[in-house]
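These are the residues of each chain, in order.
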Amino acid sequence: MTPRAADRARYDRATAHLDAPVAIVDLEAFDANADDLVRRAAGKPIRVASKSVRCRALLDRVLARPGFAGLMSFTLAESVWLARAGFEDVLLAYPSADRASFAELTSDPKLAGAITVMVDDPAQLDLVDRARERDGLEVRVCLELDTSLQLLGGRVRVGARRSPLRSPAGLAELARSVDRRPGFRLVGLMAYEGHVAGVGDAVAGSPLRSRAIRLMQAAARKELAARRAEVVRAVRAVVPDLEFVNGGGTGSVQHTAAETAVTEIAAGSGLYVPRLFDNYTSFSGRPAALFAQPVVRRPGVGVVTVLGGGYPASGAPGADRLPAPYLPEGLRYDPQEGAGEVQTPLLGSAADDLLIGDKVWFRHAKAGELCERFEELQLVEGDRVTATVPTYRGEGRTFL
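If you're wondering where the values come from, they're calculated on a predicted model, not measured in any experiment.

**Student:** I'd love a proper account of the side chain of E264, names of residues and values included.
**Tutor:** If you trace the backbone, E264 turns up in strand 11 (residues 264-267). E264 has contacts with P45, R47, F244, V245, N246 and G247, leaving out every residue within four places of it along the chain.

Structure follows, in structure tokens:
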């Protein structure tokens, strides 16, 4: 029996009492992935990206482990909810225009002390001030540095379109603006290199593309390390007691941790290891989060149909945004139908061994987006479900 076949047998035994659709997290794999992130971070604390987990029980679990400290949230409303639940260090990774949540933040000392908001434009400070219902509470602020690699005078850009702030002078100017402004305190700097951390460099069947990605990422790491160090020096000249400099992502943990200017690493997807992390040369993890759909039809030889399963991931549309049929091995999508909203045909010789009611296990393309489809996660240890915990959705929270 192959390791994957053994996993399938465990998961089927563990969930035999549960009807599919069902989502699980293999805790042994989850913990092993956490250990690997800590190893690669080489002593620097890891701030957990909540959007990649979306389950408070699992956020608690990972933060209880040595090497992890603080959360990186994705919306202000989520930040407020997490802080009210007892999480004491929440960095909002994206600017917000949520006036109601800003009013709540600026009227509660507990929230103001726990949450750091993201800023890359003075207009975002204006929005906070207009929402204030109470004077006297300082809002903790983090500035975001654009990490994209720009070539040929900016005519070629590689990386996400995030912050407009690129230069040390630009960051220092906004730092001075925050520092002079009553009601705000600059505490951090963030720079997320998604074109390095979130792009695999070993694309199956594409050696030339893989080589090009590796060359691009090597150039991007070198350019960013130098620029990030200059930016940190410029910002610290304005605010010497800056609390943290955050960088990284699951795919670049060890590279970012090697930069002296960086004080902490952000990661989250590496805990679940979705399918987009199969194409990396720098690390390998164990798939920890899976979902199962039930076989409901057998249309013919070499074909089964499962219920639903069309859970595409965000990002540029493409086949790599679809969940991957994982267990049993050897199943693939029908190219004429793909992953469907209400039914998904699957092809391959493995289909002939599946019966009506059997489970087919999938891996989502991304990490936390799986939790937007399920209210509960079944936590598996060995061949048993040892706990059932709610996702954000299961707690009635859908923040985007």
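**Student:** Give a description of the sheet that holds strand 5 (residues 115-119) that names residues and reports values.
**Tutor:** Strand order in this closed barrel of 8 strands is 2-3-4-5-6-9-10-11, and the pairing throughout is parallel. Across the sheet, the mean angle from the axis of one strand to that of its neighbour is 30°, orientation sign disregarded. Inspection of the sheet shows strand 6 (residues 139-144) paired to strand 9 (residues 184-191) by 6 bridges, in the parallel sense. Bridging from a neighbouring strand, V141 pairs with L186 of strand 9. Those strands touched by helix 3 (residues 56-63) are strand 2 (46-49) and strand 3 (68-73), and its axis lies near 145° from that of strand 3.

**Student:** Tell me about the state of the cysteines, residues and numbers included.
**Tutor:** Note on terminology: disulfide describes a covalent bond linking the sulfur atoms of two cysteines. The full count for this structure, using the stated rule, is 0 disulfides. Cysteine C55 shares no disulfide, and the gap to the nearest cysteine sulfur, in C371, comes to 6.4 Å.

**Student:** Describe the side chain of T305, with residues and values.
**Tutor:** Along the chain, T305 falls in strand 13 (residues 303-307). Not counting the four nearest positions on each side in its chain, T305 is found in contact with P294, V295, V296, R297, P299, Q343, T344 and P345.

**Student:** So, the packing of aromatic side chains: which residues are in play, and what are the values?
**Tutor:** Counted under the stated rule, the structure contains 14 aromatic pairs. With 5.6 Å between their ring centres and 85° between their planes, Y392 and F399 make a pair best called edge-to-face. F399 carries the same exposure label as Y392, and that label is buried. Through a chain of ring-to-ring contacts, the aromatic side chains of F74, W81, Y392 and F399 assemble into a single cluster. A cation over a ring is seen here: R47 above F244, with NZ or CZ 5.1 Å from the ring centre.

**Student:** Could you give an account of the nonpolar core, with specific residues and numbers?
**Tutor:** By size, the foremost hydrophobic cluster in this structure holds 93 residues, and its most contacted members are L58, I115, V141, L143, Y272 and L377. With sequence-adjacent residues up to four places away left out, L143 is seen in contact with M118, V119, L171, L174, A175, V178, L186, G188, L189 and M190. Of all hydrophobic cores here, the second largest spans 11 residues; its members include A14, A20, A292 and Y326.

**Student:** Tell me about the packing of helix 2 (residues 27-41) against helix 3, residues and numbers included.
**Tutor:** At a closest axis distance of 11 Å, the pairing of helix 2 and helix 3 adopts a crossing angle of 45°. With respect to helix 3, the axis of helix 2 lies oblique. Viewed along their axes, helix 2 and helix 3 form a crossing whose handedness is right-handed. Residues L27, F30, D31 and A34 of helix 2 form the contact with helix 3, whose own contacting residues are L58, R61 and V62.

**Student:** Break down the pairing of strand 19 (residues 384-390) for me, citing the residues and quoting the values.
**Tutor:** Regular strands show a simple pattern: their side chains alternate between the two faces of the sheet. Alignment of strand 18 (residues 376-381) against strand 19, held across 6 bridges, turns out to be antiparallel. Looking at the pairing, L379 lines up with A387 of strand 19. Hairpin connection of strand 18 to strand 19: 2 residues between the antiparallel strands, including G382 at a positive phi of 65°.

**Student:** Pulling in residues and values, what's your account of the environment of M216?
**Tutor:** Structurally, the position occupied by M216 is in helix 10 (residues 207-238). If we ignore the near neighbours within four places in the chain, the residues touching M216 are L149, V158 and H195.

**Student:** Outline helix 2, listing residues and values.
**Tutor:** Taking 1.5 Å per residue as the helical rise, helix 2 with its 15 residues ought to reach 21 Å, and the 21 Å between its terminal C-alpha atoms agrees with that figure. Among the residues of helix 2, the N-terminal cap falls to D26, whose side-chain oxygen and the backbone nitrogen of E28 are separated by 3.1 Å. Backbone geometry just after helix 2 places A42 at a positive phi near 55°.

**Student:** Which residues make up a nonpolar patch on the surface, and what values do they have?
**Tutor:** A cluster of nonpolar residues, L151, L152 and V156, forms a patch on the protein surface that exposes about 250 Å² of accessible area. Relative to the helices and strands, L151 resides in strand 7 (residues 149-151).

**Student:** Before we move on, can you summarise the pattern of salt bridges with the specific residues and values?
**Tutor:** Counted under the stated rule, the structure contains 30 salt bridges. Overlapping salt bridges, with partners in common, bring together D31, D35, R61 and R65 in one network.

**Student:** Describe the pairing of strand 6, with residues and values.
**Tutor:** Burial analysis of strand 6 places 6 of its 6 residues in the buried class, which makes it a mostly covered element. Burial along strand 6 is two-sided: the face carrying V139, V141 and L143 and the face carrying R140, C142 and E144 are both buried. Bridge count between strand 5 and strand 6: 4 bridges; the pairing is parallel. Opposite V119, over in strand 6, you have L143 as the bridge partner. Between strand 5 and its parallel partner strand 6, the chain crosses via helix 7 (residues 122-131), and the hand of that crossover is right-handed.

**Student:** Mind laying out unusual backbone geometry, listing which residues take part and the relevant values?
**Tutor:** Here A20 and P21 are connected by a cis peptide whose omega angle stands at 5°. In this structure, P21 sits in the loop between helix 1 (3-14) and strand 1 (22-26). A cis geometry characterises the amide bond from L327 onward to P328, with omega recorded as 0°. Position of P328 relative to the elements: it lies in the loop between strand 14 (324-327) and strand 15 (332-333). One non-glycine residue, R54, adopts positive backbone phi at about 55°. You can see R54 is positioned in the loop between strand 2 and helix 3. Relative accessible area serves as the criterion here: at 10%, R54 is assigned to the buried category. In this structure, V273 takes a positive phi of about 55° despite not being glycine. By secondary structure assignment, the location of V273 is in the loop between helix 12 (269-272) and strand 12 (289-300).

Cut-offs applied
- Residues numbered from 1 in each chain as written.
- Predicted model: local features only at pLDDT ≥ 70, side-chain atom pairs only at ≥ 80, totals over all residues.
- Heavy atoms only, no water.
- Helix = DSSP H or I, 4+ residues; strand = E, 2+ residues; numbered from the N terminus.
- Contact = heavy atoms within 4.5 Å.
- Pairing = 2+ DSSP bridges.
- Axes fitted to C-alpha atoms, helices over the stretch in contact; angles between N-to-C directions.
- Disulfide = S-S within 2.5 Å.
- Phe/Tyr/Trp six-rings, centres within 6.5 Å; stacked < 30°, edge-to-face > 60°.
- Buried < 20%, exposed > 50% of the residue type's maximum accessible area, 1.4 Å probe, protein only.
- Lys NZ or Arg CZ within 6 Å of the ring centre and 35° of its normal.
- Core = buried A, V, L, I, M, F, W, Y, C linked by side-chain atoms within 4.5 Å.
- Parallel < 35°, antiparallel > 145°, perpendicular 65-115°, else oblique.
- Left-handed = near helix turned anticlockwise from the far one by under 90°.
- Expected span 1.5 Å × (residues − 1).
- Polar contact = N/O pair within 3.5 Å; in protein donor to acceptor, adjacent residues only side chain to side chain.
- Patch = residues over 30% accessible without salt bridge, like charges linked within 9 Å, V, L, I, M, F, W, Y side chains within 5 Å.
- Areas by Shrake-Rupley, 256 points an atom, 1.4 Å probe, with all protein chains shown as cover.
- Salt bridge = Lys/Arg side-chain N within 4 Å of Asp/Glu carboxyl O.
- Right-handed = clockwise from strand over helix to strand, strands pointing away.

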